[in-house]
Amino acid sequence: MHELSIAQSIIEIVGQYVTRAEQEQVRRVNVRIGAMAGVVPDSLEFCFAAVIHHTPLQDAVLVMETVPFCVRCHACGQTTESEPGIALCPACGSADTDIVSGTELQVVSIDVDEASGGGA
Ligand SMILES: [Zn+2]
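Calculation criteria
Residues numbered from 1 in each chain as written. Predicted model: local features only at pLDDT ≥ 70, side-chain atom pairs only at ≥ 80, totals over all residues. Pairing = 2+ DSSP bridges. Helix = DSSP H or I, 4+ residues; strand = E, 2+ residues; numbered from the N terminus. Axes fitted to C-alpha atoms, helices over the stretch in contact; angles between N-to-C directions. Contact = placed C-beta atoms within 7 Å.

Novice: How do you make sense of the sheet that holds strand β6 (residues 105–112) when you look at a structure like this?
Specialist: Backbone-to-backbone hydrogen bonds pair the strands of a sheet. The strands run either parallel or antiparallel. The 3 strands lie next to each other as β2-β1-β6, forming an open sheet whose pairing is mixed. This sheet does not close on itself; its edge strands, each paired only once, are β2 (61–67) and β6. Neighbour to neighbour, the strand axes of the sheet diverge by 20° on average, direction disregarded. Relative to β6, strand β1 (residues 26–34) runs antiparallel, the two sharing 7 bridges. Paired with Val29 across the two strands is Ile110, which belongs to β6. Helix α1 (residues 2–17) rests against β1 and β6 of the sheet, and its axis sits at about 50° to β6. Together, β1 and β2 form the strand contacts of helix α2 (residues 41–52), whose direction differs from that of β2 by roughly 155°.

Have a look at this one:
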């Protein structure tokens, strides 16, 4: 259960940015997941829901943005989306490439509903 430990790290990151009192107001946790990160989105969503159950974060929804695997080629200069794990340039076949995206797994933003809590 790779996704379970990822879900737990996401919760830890949220805890670093949102005080415990504010966690009840967290509505969305936006994460970016690269095609190469090896995460099954459905599985991560399931694990996230399980981890936040009976915590102040239980109303939060995990919003996942998937990022394609892209390589930048030193031979022809193009940046191209490639098959995950294949670092050869799709345009010219050169292996002289850098991976520019697709390996990330990061919390992008946390949406907190400051209006709720009722009774102004
Ligand atoms: Zn190339």
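Read on for the rest.
Novice: Honestly, the sheet that holds strand β4 (residues 79–81) in this entry has me stumped. Any pointers?
Specialist: Pairing within the open sheet is antiparallel, and its 3 strands lie in the order β4-β3-β5. This sheet does not close on itself; its edge strands, each paired only once, are β4 and β5 (97–101). In this sheet, adjacent strand axes meet at a mean angle of 35° when their direction is disregarded. As judged from the 3 bridges shared by strand β3 (residues 70–73) and β4, these two strands associate in the antiparallel manner. Bridge pairing in β4 links Arg72 to Thr79.

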